[in-house]
Amino acid sequence: MAPVKTEMVGVEMSMDAVLVADSLRYAYRGVPAATDISFTLAQGSITALIGANGAGKTTSVKMLAGALLPDGGRILYDGNDVTRLPAHEVVELGVTLVPEGRLVFPALTVRENLQIGATARRASADLDRNMERTFDLFPRLAERRDQYAGTMSGGEQQMLAIGRGLMANPRVLILDEPSLGLSPKIVAQIFALVKRLNGEGISILLVEQNVNQALAIAQFAFVLEKGRVVKSGSGAALMKDPAVREAFLGGL
Amino acid sequence: MTMRIFLLLGTLIVIVLLPQFLAPFHIRVVQLFFFTAALALAWNVMGGLAGYWSFGHTVFIGMGAFAAAHFVAKLGLPAGPLQMIAGIVFGALFCGIVAAIIAYPILRLRGIYFAIAMLGIGQVAAELANNVGWFQGDVGLFLETALPDGVEPERFFYYVFAGLFLFTWMVSLVVMRSRFGYGLLAIREDEDTAKMLGVPTEQIKAFGFTISAVLVGMLGATYAYSLGYFTASSVFRIDFSLNMIIYCLIGGIGTLAGPVVGAALMLLLTQIILGQLLELHLLATGLVVILIVLTLPNGVMGLVGGEAFRRRFSMRAGGKAR
Amino acid sequence: MRDPHFPDRQAMLIIQTALNGLVLGGVYSLAAVGFSLIFGALGIVNLTHGIFVICGAYAAMVLFHVFGIDPFLATVPVAIAFFFIGYAYQRGLIQVAISRASLVASLLVTFGVALIMRNLLQLVFSPDVRTITPSYSFSSLTFGSLRIDIVRLIAVLVSIVFLLLMALVLSKTAFGRRIRATAQQPLAANLSGVNVPHVLGQTFGLGAAFAAASGAVLGIVQPFSPSSEDFWTLNAFIVVVLGGVGSPSGALLGGILLGLISSFTAQFIGPSYTNAVMFLVLVIMLLIRPQGLLGSAFGESR
Amino acid sequence: MSATPILAGRGITKNFRGLTAIDTVDFELHQGRIYGLIGPNGAGKSTLFNLVTGYYPLSSGEIRFEGKRIDGVPTYRLNQMGIARAFQISKPFPAITVRENVRIGALYGVSGPRDVDAVTEEALALTGLTGIAERMSGGLPVGNLRKLEIARALATRPKVLLADEPCAGLNPTETSDMMECLRSISRRGIVVWLVEHDMRAVVQVCDWIYVLEAGVKIAAGPPQEVIRNPRVIEAYLGTPMTENGEEA
Amino acid sequence: MDRRSFLKATGSSVVLAPAVFSSQANAQDATIQFAGSVPMTGAASETGLNVKFGYDCAVKFINEKMGGVDIGGKKHRVTLNLFDDASDPARATSLIQKQVDEGVNFFLGSFGSNIVLPTCAITEAAGRIMVQAGGGSDLIFTQGRRRVFGLFPRASRQFASTAAMFKTLNPQPQTVMFIYTNDAFSKVSAEGASKELEAAGYKVLNSIALPAQVSDVTDALGTVRAANPDILVCSTHDATSILIARQMVATNTNVKMLYQTLGPQTAAYVEALGKYANGVVGASYWDENAKYKGSIFGSAKDFAEYYRANFNRPLTYHMASGAGCIVAYVEAMKKVGNVTDRNAIRDALAGLDLETFYGRIKFTSQGDGDPVLLGPMVVQRQKGDLAVVYPTEAATAPTLYPALPWQDRT
């Protein structure tokens, strides 16, 4: 697949782009993980990042969230350059990443986990309201609010991780492989939830290996290969793209 | 291959001929280098290869010394090379036996807990040696060698320590190339996974620990001979334990050359510092350690194993600090 | 010869020994609080701990001799000063070493700093043994034939106050929650909006503050010199491993256990065996319950 | 299924502090087949694997390997007898190369004479890792880590391979590759037992599936049968599935 | 590759070594070179520094005040090469070995028998001389060494004068108890004292050994209270002495006499205990009021004045002992008439019997200080000052006995 030109990517939805990655680069101890990452997240959309393992998806979203400092390129949020902001300040602006592997605080209770999620000033005033909303979304968490997070099952931990992300009052929620290691029933619930959150006005950037389901709910999608964005389009269009099918959908 | 043989031969020739060109004190410094480098190599078998950091390896220096002294006293052999060999062999064997006995319980501990347990064992042994009258650790023990006429002690011990160093080095080399060495490596990297791959982790750890103890015990007994007179406080020394670790870290832990390079480097530095900066030598040594950590992170970073020592809080996974 | 008072005397001796042990244990706990926090929350084996303690003692000594400030009052300014010193030290040096090399590098860095500080203390204060002796440091409480050194009693109370403080901070405040979250999952804490480097620095600062404040009190309890720093590091280490890492009640329990062991050994076996028995118990404890009596307050993250 | 099963468990039960994690589960694995183990998160799948590989002791029940009781035998011995495991969360030895990783499996593993180099290279080739054999395994992407996990287990020359979620984090194409790899392993006479959430993969590759829920075996049988089982749908799948394992 | 880097390392240390350790062996004719190590840091550093200041004081006096010393018709200046052994015997042995190899002939001692013993074994084996004021353990003198001299009597003989002092007390004490640090010197001296006192008819109730680092002696004091001895003898390090005294005050543990070999002499002790230091008895090997004088320094008083004028560290007997070592050397060299003949100088030291500012310096045939001439005086803290209370002819004040209970001291 040939690389897509950067300008081309931005053009079609630059009008309402909430988050823009512009030619991001990153290398781990000299090994390049991202060489040219450019894409946009449209306001109010679900946008998927897909690609093989090692294509640079997680690296890209970590850069967006401020957890990695790019070696080059820019990140724009609402048109402002936020490239060099550290993670806790990015959260303050309304961009929250729910990391791959959940990373809940195992020896904190569910409630404490959620309280940590509301550390940002933008969220601290709404702590109680957001806590209620999270418990509404995940009744399972409400039942277990005083239990240590480490004792919960993988599905429950994923819900807690998303709930924790929501506690920060995000405008943009980045989900890195939310379906990883979960049973089909839970995966379905997670995807339903993603749609619901999007319906509430949160822009969602979704990194998924579960490409079928991701493309099914995404308005836009970007395909990463070897550290660069090589293809973009609507979810439905990419689903039909033979090259994409060959590479990511098992050729079916 | 021939290149390697030449190098080995060259090294041997240099070691054999070196004393001819050196003043007595320099011989003594090189001797000290052989001693500390061999200690670091011996520590490295468990600390570097298996990731089991002992903070109390000096216990085997002390045990080796005490075992040798009491053994030769019992044996009643006249002072001389034969008696010395008997003492060293017994010191080494004794440490090996003790290590084999404590290996199973103590090696169930991992990371920092193993390190502390070894520190504790070292302290218990030191305290007992110092306070139980029979050991004579408080008043001291004599362990003398009667040397043939015309042999100076520093030269004699130079060759003895050179030999022990080469021996330790060969043992390390053989261990690292062997199936057993790969087993140690697997344990360092992930002990549970190693078990799943059929590595008999318990036995391998115990064996590695015993080898390490035998080597250190041998060196400890020899060290006692080179001192001639020692008390518990001369052989049970926490700084011995610390130095073994620091030499390995600075040179590169888990490698064959690392401990040797580290020992050479630090020995040179501290000798200079001790000689030149009387009232400030602690300060200078501290600065050197910090500078090495900050400027040579790769030497220090090494191939560190053991959960407790794993990288934490460097969230950027090797990325740039912000 | 039979002693007519034998049972009485023996009982009183045991009670006195237990009392001594409890009081000594309080002193040990006091000196271990800061170490416990730093080890528990940051995973850093802080070999500078004893230096903080001794610096606290010297600071209290200067405040006492120059300004006549009581050492117990001195804990407050000393703690505040060392919070900032600890914060700067963590962010300026320790964190740099950790991010350049690895966590184990922090061990070497604190080792190096301890050497440097010890040397500096010797230059400034000489290696001589020092003491702080306000008038009450020579008084004791007497109940019949039982006697308790009043300074040590106060030290125990202070240690309980410190431990309560630490427990409260960790479990009840948002700051404590952030410390615990950062200890368990730094990346996730950062992504949740926690300024992780800042929290790490604050945690270290808090540990340093506790250590130095305890030093101010210890200065009255016993003589100190720059070379006694490693004694306090080692003791804190044992207390924490015995009690459980990062847990305030663990530090109390570990300290008291250590104090009792030390006291009973001294009384019934001989003072020269106290260290041997202390370390023996440490090793046995590790073998039976490596996580310490109360386990880690920061989960199974290490 | 008349012959002696190569690996069988009867009445396997595991209690953790009064909590029953596995409750009287039976299973039988026979030569030449690929088995699946599915169930909701927290159902006890990994626990069952941990019990079979001797990582935890059984609370009650028995496990037989080639007819011999093996419960209570230490993990490394089980591996030397021929039971290998690939972990759910890849645990490579990060600071050494891929080849050295595999080599450790070849050096230890099933006892008896061996040609370490040949076994290592074969395992690398079978999993398609030969090209990256000299890379440090620490920085590998998930897909290659999963392959390494399998290669290393394979190098121990097992008779039974337990694979814990080998496809987690892989996209459908990579999943297909992994399934193909498992099939070829099976063709070499190694019994494969697989925990996996990707139902399409499970349905396509497995001959027989066990289903756990809350520590209890709620179903067992051929894939087509299992995915139609209402209890399985209720507990695990959520919605009925087509015979390919895709959502209907 | 491993071999290569190893070779490089070995090679570089060989190349660098001569540059680094430039030899100081070629002593010029007109200097006397003394060397050795002292603990400037570590556990023994407080007393170690005292001894070092004594050495420094003697060197300064000889070079600056006397303009050198006349030996064999030629003015000799004194050079002093001291290293910090950090209270670590192994470090000390390596430093001493270095100096032996550099050709140093005349060694001064470190402080602490555990350091002096292994270092003097090295100097003895190399045929060099050591005069020291820091190692009293019997083993230093009973192993047949011929070139090691101690200004103090060996440990087991140090208690003779104190036992004699006890005899002068009224009422006569009956019972004695010991607390000692478990190291080579303290242990032997406590054991020696115990024998001596039992022979003199006192009842020795108990001996308690303490580890080197102690944080609490409450339990030991409980035993003291239970035994209630007339005299408590502490043969301990200075920090431990302070701890014992302070805790005795705090727990109101009273004895008729508290005797601490090391402690009452030091400034830190007085600073720590204040008025409670009064009445505590200790051993002192030298006092500025003693009526000794010699060719170097003049009288004891002169030494004290010169020292105070030039050094800040509070004067204790250790400074005098340290200076005394150098004086002994120089006097022996003057007799021999050169500074190079090791054997002759050894013989001259062995035969020395000469009054100096320090006292009459005379060694036994085994090298330790004459127990009568160089044994300790008994001193007592009285009204903040240190008073000599024994031997009677040197006494500046009578012994206060029994001492007041702690709460009554002023």
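Please read all numbers here as calculations on a predicted model, not as lab measurements.

Rules behind the numbers
Residues numbered from 1 in each chain as written. Chains lettered and ligands numbered in written order. Predicted model: local features only at pLDDT ≥ 70, side-chain atom pairs only at ≥ 80, totals over all residues. Heavy atoms only, no water. Helix = DSSP H or I, 4+ residues; strand = E, 2+ residues; numbered from the N terminus. Rg over C-alpha atoms; globule rule 2.2 N^0.38 Å. Buried < 20%, exposed > 50% of the residue type's maximum accessible area, 1.4 Å probe, protein only. Contact = heavy atoms within 4.5 Å. Areas by Shrake-Rupley, 256 points an atom, 1.4 Å probe, with all protein chains shown as cover. Lys, Arg positive; Asp, Glu negative; His and termini not counted. Charge placed at Lys NZ, Arg CZ, Asp CG, Glu CD. Buried area = accessible area lost by both parts, 1.4 Å probe. Salt bridge = Lys/Arg side-chain N within 4 Å of Asp/Glu carboxyl O. Polar contact = N/O pair within 3.5 Å; in protein donor to acceptor, adjacent residues only side chain to side chain. Nonpolar A, V, L, I, M, F, W, Y, C, P; charged D, E, K, R; others polar. Core = buried A, V, L, I, M, F, W, Y, C linked by side-chain atoms within 4.5 Å. 1 Å grid on protein atoms, 1.4 Å probe; cavity = no way out; pocket = protein on both sides within 12 Å on 5 of 7 lines; lining within 4 Å. Points joined across faces, edges and corners; volume = space filled by probe spheres on them. Pairing = 2+ DSSP bridges. Axes fitted to C-alpha atoms, helices over the stretch in contact; angles between N-to-C directions.

Here we take up the overall build of chain D. A count of helical and extended segments in chain D gives nine helices and 10 strands. For 248 residues, the compact-globule estimate of 2.2 N^0.38 gives 18 Å, and the C-alpha radius of gyration of chain D, at 18 Å, lies within 12% of that figure. For chain D, the C-alpha atoms occupy an extent of roughly 50 × 40 × 40 Å along the three principal directions. Burial analysis of chain D (248 residues in total) assigns 58% to the buried set. A fraction of 64% describes how many contacts in chain D between residues 6 or more apart in sequence connect residues 24 or more apart. Accessible surface, chain D as shown: approximately 9,400 Å² in total, 50% of it carbon and sulfur. Once the 27 positive and 27 negative side-chain charges of chain D are each reduced to a mean point, those two points are 6 Å apart.

The next subject is the interface of chain E and chain C. Contact with chain E, which involves 37 residues of that partner, is made by 38 residues of chain C. Buried surface at the junction of chain E and chain C, both sides included, amounts to about 3,000 Å², of which 50% is carbon and sulfur. Three residues, Ser215, Asp219 and Arg246 of chain E, lead the burial of chain E against chain C; their summed loss comes to 22% of the area buried on that side. Taken together, the links from chain E to chain C amount to three salt bridges. The residue Arg152 of chain C makes a salt bridge to Asp216 of chain E at a minimum N-O spacing of 2.9 Å. Inspection of the chain E/chain C interface yields 13 residue pairs in polar contact (both at pLDDT 80 or more). A total of eight residues in the side of chain E that touches chain C trace back to one element, the largest contributor, which is helix H9 (residues 238-250) of chain E. Considering only residue class, the side of chain E that touches chain C consists of 17 nonpolar, 12 polar and eight charged.

What follows covers the nonpolar core. Residues Phe60, Phe209 and Phe230 of chain B are the most contacted members of the largest nonpolar core, which totals 315 residues. Examining the composition of this core, we find that 16 residues originate from one element, helix H8 (residues 196-221) of chain C, more than from any other. Within the second largest apolar cluster, 59 residues are counted, among which are Tyr317, Met319, Cys325 and Ile345 of chain E.

This next bit is on empty space enclosed by the protein. Within this structure, the stated rule accounts for 12 cavities of 30 Å³ or more. There is about 150 Å³ of room inside the second largest cavity. Lining the second largest cavity are 19 residues; nearest its centre among them are Ser262 and Thr274 of chain C together with Val214, Ser215 and Asp216 of chain E. Only helix H1 (6-42), helix H10 (248-268) and helix H11 (274-288) of chain C together with helix H8 (218-227) of chain E provide two or more residues apiece to the lining of the second largest cavity. Looking at side-chain class alone, the lining of the second largest cavity contains 11 nonpolar, six polar and two charged residues.

Once that is clear, we can look at the sheet that holds strand S10 (residues 257-260) of chain E. Residue and element names in this part refer to chain E. Strand order in this open sheet of seven strands is S8-S7-S9-S10-S11-S16-S17, and the pairing throughout is mixed. Strands with a single pairing partner mark the edges of an open sheet, and in this sheet they are strand S8 (203-210) and strand S17 (385-390). Here the average twist between neighbouring strands, direction ignored, is 25°. Across seven bridges, the pairing between strand S7 (residues 175-181) and S8 is parallel. Of the residues in S8, the one forming a bridge with Phe178 is Ser207. Along the sheet, helix H6 (residues 160-168) contacts strand S9 (231-235), S10, strand S11 (281-284), strand S16 (377-382) and S17; its crossing angle with S17, the most-contacted strand, is approximately 85°.

Two faces belong to every sheet, and in a regular strand the side chains alternate between them. Residue and element names in this part refer to chain D. A large share of strand S3 (residues 34-38) lies buried, amounting to five of its five residues. Both faces of S3 are covered, namely the face carrying Ile34, Gly36 and Ile38 and the face carrying Tyr35 and Leu37. Across four bridges, the pairing between S3 and strand S8 (residues 191-195) is parallel. Residue pairing across strands places Ile34 opposite Val192, the latter belonging to S8. Where S3 and strand S9 (residues 208-213) come together, four bridges link them in parallel fashion. Counted as the bridge partner of Ile38 is Val211 from S9.

This paragraph deals with the sheet that holds strand S5 (residues 68-69) of chain D. Paired through their backbone hydrogen bonds, the strands of a sheet run either parallel or antiparallel. Residues and elements named next belong to chain D. Spatial ordering of the open sheet is given by S2-S1-S4-S5, a layout of four strands whose pairing is antiparallel. What marks the edges here is a single partner per strand, and that holds for strand S2 (19-29) and S5. Relative to S2, strand S1 (residues 7-16) runs antiparallel, the two sharing seven bridges. Looking at S2, one finds that Asn15 is bridged to Thr20. Sitting on the sheet, helix H1 (residues 45-52) touches S1, S2 and strand S4 (60-65), and the angle it makes with S2 is about 65°.

Going from Tyr390 of chain E to Pro391 of chain E, the amide bond is cis rather than trans, its omega being 0°. Going from Tyr401 of chain E to Pro402 of chain E, the amide bond is cis rather than trans, its omega being -10°. Secondary-structure assignment places Pro402 of chain E in the segment after S17. Even without being glycine, Lys226 of chain A reaches a positive phi, approximately 45°. Checked against the element boundaries, Lys226 of chain A lands in the loop between strand S9 (220-225) and strand S10 (228-234). In this structure, Thr24 of chain D is a non-glycine residue whose phi angle is positive, near 35°. Residue position: Thr24 of chain D is located in strand S2.

Nothing here speaks to function; it is geometry throughout.
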